[in-house]
Amino acid sequence: MQYTKIIDNINIIDLGIKIDDYLIISDLHLGYEESLNKEGIMIPKFQYNKILDRLSEIQIESACTKIIINGDLKHEFGKISKQEWIEVNKFLDYLTNEFLEVILIKGNHDNFTNIISEKKNLKLCDSYLINDKILCIHGHKLIKLETNVEYLIIGHEHPCIGLRSGERVEKIKTFLYGPYNDKKIIVMPSFNFISEGSDILHEKLLSPFLKKENIYDFEVYGVENFEVLFFGKISNILKKNKKKV
Amino acid sequence: MIRKQTKKYSQKEIHKTLHPWVSEWFNSKFEKFTPAQEYAIMDIHKQKNVLISSPTGSGKTLTAFLSIISELTSLSDENLLEDKIYCIYISPLKALDNDIEKNLNEPLDGINKIALKENKELNIRKAVRTGDTSQYERNKMLKKPPHILITTPETLSILLVAPKFREKLSNVKYVIIDEIHSLADNKRGVHLSLSLERLQHLIGNYTRIGLSATVYPLEKVASFLVGYEYGQVRDCFIVDINYLKQLDIKVLCPVEDIILTNPEETNLAMYELLDDLIQKHETTLIFTNTRSGTENIVFNLKRKFPNHYDSNNIMAHHSSLSKEIRFETESNLKEGKLKVVVSSTSLELGIDIGHIDLVILVSSPKSVSRALQRIGRSGHQLHEKSKGRIIVVGRDDLIECSLILKNAIEGHIDSLNIPCNCLDVLSQHIYGMSIENKWDIDYAFDVIRKSYCYKDLSSEDYFSVLSYMAGEYTSLEERYVYAKIWVDYDSNQFGKRGKLARMLYSTNIGTIPDRSAAVVKCGGKVVGRIEEEFMEKLQKGDTFVLGGNIYRFNYARGMSVNVSPANGPPTIPSWFSEELPLSFDLSLDIQRFRANMDGKLYYGRSKTEIIEFIQEYLYVDDNAANSIFEYFREQFLYAEIPSNQRLVVEFYTGFGGRKFVIFHSLFGRRVNDALSRAVAYIVAKKYKRDVMISISDNGFYLSSEGKINGIESFYELSSENLENTLINAIDKTETLASRFRHCAGRSLMILRRYKGQDKSVGRQQVKSKILLKFVENMDNEFSILKEARREVIEDYMDIKNAKRVLQWIESGQMEIKQINTKIPSPFAFNLVSQGYLDVLKYEDRIEFIKRMHQAIINQID
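For the structure given in this document, a descriptive report is provided here. (Residues numbered from 1 in each chain as written. Chains lettered and ligands numbered in written order. Predicted model: local features only at pLDDT ≥ 70, side-chain atom pairs only at ≥ 80, totals over all residues. Heavy atoms only, no water.)

1. Considerations on the interface of chain B and chain A
- With 56 residues of chain B in contact, the opposing surface of chain A contributes 48 residues.
- Counting the surface lost from both chain B and chain A, the interface buries some 5,000 Å², and carbon and sulfur atoms represent 57% of this.
- Taken together, the connections running from chain B to chain A amount to five salt bridges.
- We note a salt bridge from lysine 850 of chain B to glutamate 227 of chain A, for which the minimum N-O separation is 3.2 Å.
- For the side of chain B that touches chain A, the secondary-structure elements that each account for two or more residues are helix 21 (479-482), strand 23 (549-557), helix 31 (761-778), strand 32 (838-840) and helix 35 (845-860) of chain B.
- Here the side of chain B that touches chain A gets 13 residues from one element, more than from any other, and that element is helix 35 of chain B.
- Here the side of chain B that touches chain A is composed, by residue class, of 29 nonpolar, eight polar and 19 charged. (Contact = heavy atoms within 4.5 Å. Buried area = accessible area lost by both parts, 1.4 Å probe. Salt bridge = Lys/Arg side-chain N within 4 Å of Asp/Glu carboxyl O. Helix = DSSP H or I, 4+ residues; strand = E, 2+ residues; numbered from the N terminus. Nonpolar A, V, L, I, M, F, W, Y, C, P; charged D, E, K, R; others polar.)

2. Brief notes about the sheet that holds strand 14 (residues 340-343) of chain B
All names here are of chain B.
- Taken in spatial order, the six strands make up an open sheet running 11-16-15-12-14-13, and their pairing is parallel. Among the strands making up the open sheet, the edge pair consists of strand 11 (247-252) and strand 13 (314-317). Each strand axis lies, on average, 20 degrees off the axis of its neighbour in the sheet, ignoring direction.
- As judged from the four bridges shared by strand 13 and strand 14, these two strands associate in the parallel manner. Across the sheet, alanine 316 pairs through a bridge with valine 342, a residue of strand 14.
- Packing against the sheet, helix 17 (residues 395-410) makes contact with strand 11 and strand 16 (386-391), and its axis sits at approximately 165 degrees to strand 11. (Pairing = 2+ DSSP bridges. Axes fitted to C-alpha atoms, helices over the stretch in contact; angles between N-to-C directions.)

3. Section: the sheet that holds strand 10 (residues 236-240) of chain B
All names here are of chain B.
- Strand order in the open sheet formed by eight strands is 1-10-2-7-6-3-5-4, with parallel pairing between adjacent strands. Sheet topology places strand 1 (2-4) and strand 4 (126-129) at the edges, where each strand pairs with a single neighbour. For this sheet, the mean angle separating the axes of adjacent strands, direction not counted, is 20 degrees.
- The pairing of strand 1 with strand 10 spans three bridges and is classified as parallel. Looking at strand 10, one finds that arginine 3 is bridged to phenylalanine 237.

4. Quick notes on the packing of aromatic side chains
- Scanning all chains against the criterion turns up 36 aromatic pairs over all chains.
- Ring centres 5.4 Å apart and planes at 45 degrees place the aromatic pair phenylalanine 46 of chain A and phenylalanine 774 of chain B in the tilted group. Residue phenylalanine 46 of chain A is located in the loop between helix 1 (32-38) and helix 2 (47-62), and its partner phenylalanine 774 of chain B is located in helix 31; the two belong to separate chains. Accessibility classification places phenylalanine 46 of chain A together with phenylalanine 774 of chain B in one group, the buried group.
- Taken together, a centroid distance of 4.5 Å and an interplanar angle of 15 degrees make the contact between phenylalanine 663 of chain B and phenylalanine 700 of chain B stacked. With phenylalanine 663 of chain B in strand 26 (residues 659-663) and phenylalanine 700 of chain B in strand 28 (residues 699-704), this pair connects stretches of sequence that are 37 residues apart.
- Residue classification places phenylalanine 700 of chain B among the buried residues on the basis of a relative accessible area of 0%. (Phe/Tyr/Trp six-rings, centres within 6.5 Å; stacked < 30°, edge-to-face > 60°. Buried < 20%, exposed > 50% of the residue type's maximum accessible area, 1.4 Å probe, protein only.)

5. Let's talk about helix 33 (residues 799-810) of chain B
Residue and element names in this part refer to chain B.
- Compared with an ideal rise of 1.5 Å per residue, which puts 12 residues at 16 Å, helix 33 spans 16 Å between its outermost C-alpha atoms and is within 8% of the ideal.
- Among all positions of helix 33, only Ile799, Asn801, Ala802, Val805, Leu806, Trp808 and Ile809 are buried.
- Note on helix 33: the residue one or two positions beyond its end, glycine 812, has a positive phi of about 85 degrees. (Expected span 1.5 Å × (residues − 1).)

6. Quick notes on the pattern of salt bridges
- Overall, the coordinates contain 60 salt bridges over all chains when judged by the stated rule.
- Within the structure, one salt-bridge network assembled from shared partners comprises Lys187, Asp424, Arg739, Arg746, Glu787, Arg790, Glu791, Glu794 and Asp795 of chain B.

7. Describing the state of the cysteines
All names here are of chain B.
- Scanning all chains against the criterion turns up zero disulfides over all chains.
- Between cysteine 87, a cysteine without a disulfide, and cysteine 236, which holds the nearest cysteine sulfur, the sulfur-to-sulfur distance is 16 Å.
- Among the residues examined, cysteine 87 registers a relative accessible area of 0% and is labelled buried. (Disulfide = S-S within 2.5 Å.)

8. Thoughts on a nonpolar patch on the surface
Residue and element names in this part refer to chain A.
- A cluster of nonpolar residues, Trp85, Ile86, Phe112 and Ile115, forms a patch on the protein surface that exposes about 330 Å² of accessible area.
- Examined against the element boundaries, isoleucine 115 turns out to sit in helix 4 (residues 113-117).
- In this structure isoleucine 115 comes out as partly exposed when scored by relative accessible area, which is 39%. (Patch = residues over 30% accessible without salt bridge, like charges linked within 9 Å, V, L, I, M, F, W, Y side chains within 5 Å. Areas by Shrake-Rupley, 256 points an atom, 1.4 Å probe, with all protein chains shown as cover.)

9. Details of the nonpolar core
All names here are of chain B.
- Core analysis: the largest hydrophobic core is formed by 142 residues, its most contacted members being Tyr454, Tyr462, Phe494 and Leu702.
- Of all the elements, helix 27 (residues 669-687) adds the most residues to this core, at 10 residues.
- For tyrosine 462, the residues in contact, after removing those within four places along its chain, are Ile430, Ile441, Ala444, Phe445, Ile448, Leu457 and Phe494.
- Leu75, Leu405, Leu586 and Ile614 belong to the second-largest nonpolar core, a separate cluster that totals 101 residues. (Core = buried A, V, L, I, M, F, W, Y, C linked by side-chain atoms within 4.5 Å.)

10. Quick word on the environment of aspartate 798 of chain B
Residues and elements named next belong to chain B.
- By secondary structure assignment, the location of aspartate 798 is in the loop between helix 32 (783-796) and helix 33.
- Note on aspartate 798: relative accessible area 8%, which makes it buried.
- Separated by 125 residues in sequence, aspartate 798 and aspartate 673 have C-alpha atoms that sit 7.9 Å apart.
- Beyond its immediate sequence surroundings of up to four residues, aspartate 798 is in contact with Phe584, Arg670, Val671, Ala674 and Ile793.

Following this line, the structure appears as structure tokens:
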């Protein structure tokens, strides 16, 4: 496993970000299977163990002692499903055992996460500031930023890109890095294995922090199976995809 | 045993078996019994199973009903008619059900009037029960069940688990299945075949009556109708009255020489010919092969001949139109208000459409039986000739249509394929059975194997379905969510699980997949629809054709696609073709004709001689014969004529040095789909390259950036390794993914209606991919995945006949001949010009991603 430096002390490690002793992951959406079940898709629960396995590998490699969940720990908006009760509980126990500090950031899916987290004496916060200049925030709504903030790290977008050759398209999870007003923004991929995410080359952007007009200058870091691949700017990929093979 | 009924009964004999009132009514209406009636009525009277095959409009339904009505009349006469169902009539269409219900009024009222003269009120009831029947109507039926129940296959399977209503079925003596040929070749028929066995298990023997249009082989359809008992097919008589209804069919070329005339001129001439034919007839029904073709013809006729056609006298009828519009068209047609109706496949089946004196088929209907079925929609009166004109639109089309004409005249009909061992349909029925009662595992297996479609079901497959239904693929504590049944291997039993079982079953059964189309919007206006699979492939900047216009894809949100107008050639071909495949039997006939022509040209026969041969062999006129001659002569002089003895493989280098390997395999696109993908898979592995594939009915080509030797790879393919190769080749394809979604729906792994909500198909599509990924990782032999693959290679493609082709090559019956061309040979022209269909991928995901990564990075440098 490699670290890939985005800037300063901000590194990509698989689907997570490592900043000094902090490990950041985002958008786990525990309980997604049960919500699929309710829609009539009878898929058994399979995510939890995958998430745990992947996280534990990253943790060993990074040796971080603090973890930040950058929003959307669980999936249901309006309630806590049975699967969520069980899995969120187990997962928070795992985190508190494995890390010295656990920081939970509230995502738009986390309306009821605090009911479980408070039992573990963990508070949900709206944002978290690292080293006085790196702000972690889920990214579903805009907030006023202090002048000391230099970098924003958001989730919510579940970015991925579709690589295309002829008719073949393969989607790959990605980090995005680019300007946001006078600051810089890093968008994290989702830490779940239900899908690659939403194709930023193809679909409408979700986070209000991202604007279609300036996304073309964003840099793209693809992640596949612990490996990080730098793709240059989005405009490059679009150019390549357009060319006939 | 299945036997042809050769005994024809006399008018007197038949009248003797009928109740006198029925006899009297019949005589008041008809002169004499039709041939079908002379053969079939007595057997039905004796409660023998019968399959009646005769053209539409030959009084088939009355043949089936007459002895049943007579028996009901006798019972009523003797005051023995109980409040029970005696006869179930099943048709594939609700509209046909409604027609039949109305049409039964005539005999029932007529006979009742006669009975009334003797102060007897018959009170024979009939009723339609389908998904549209209201709760009120259903309650009414429960209180006073109809003696004749008119329904659909899906509703029948729901009735089998209806706690009270199923009791009313206990007295059923007859089951009539109308348009059985249109059910037998797909999963609706498979589904019905199991319902019939479940009904038989419930109530014991009953008489099965099948009504079919002209199909081949009738023995197979008869076996499908009656099923098996102790591994032996049950008895059935076949009544085959096919060529009594005279046919008047002609193939028409709109221009003198279709080879030399350019497409625009041909198109113009076609509309003039259409107009001419329509104006010379009362009411014309035009069939095209696609929905878009249907729209085009309506549009152009109105535009080119505004004095002849407007919205009042010309209408379209196809499956994408709303129910209301279709109904309006049908009733206008019945009332004789329309001059012309243009349809795709939706008017093929026997709903009553009034008097049609001409049917026109625009371009090849791709099979003889379809041509007969369509043309049979005209002259809807007994003893009246059916009049059909097939208008050809291109050179390959001309050959195809001519062979269709020959076969129709000579009575050679293509054989129909009945899907077997469908594990998704089986899952549904096992669920249904478990709701009825507890079953002994072996006993249930026996009942299932009575169906023609499951007579060879292996116990492995059966147990894998039981295991799936019992949720054994999930952990024990999760089963309460996923298991639909319980299976107890100790007591050898299975039964239903959960209180909602019956409700879930009744709201989710059926085999017709929900298809969805995405709405395409341009500047806020809806400009059309595209299939969801097509939408998935689109990326920003792609251009594609829709309704004759070119659009640029901007973005998609849910099932809505935003586009803007664009120019230039489209970047994405529309490879989700709705075109009908050429039947294998017809393709072989074309190949035989090619062999004949090859021989004549080879031996230097004169033009006159060959043209005479063509006219005699194909029953075509001068123009057509001349065009066919020229087409073959060009191919002969320039290249080689492929035939049933010679598979020509053409190497052709296109623009920019791109290499094409063209296989002149005229076996229909279903066979070519299987062959091409299997060869492409071998090529891709061998040369480590993406391979482009294009397929048509007449052949396929492979193409790649570098040099590939397609013949060598083709030789590596054998009848032995075809199936495995093909299964590897279709892995991760959109075709498999979308079939998997349908199979997951049929086997209730995806519930369309669950907890009071309808699930939109668009959402299902995305989510079913998650399910597919999960299933593939879990167990590559999972029954539903296996079924999806079977459906792709056996039903969507035609692996069985593809194997036969490979066997011919292996035995030397068919030689392979390689040719090299600078411009594509005449026979290859249509194929090469149609663009590619798909690209076979050779790399693993990670290899692919790395290659793309490198390509993008190189570009930056």
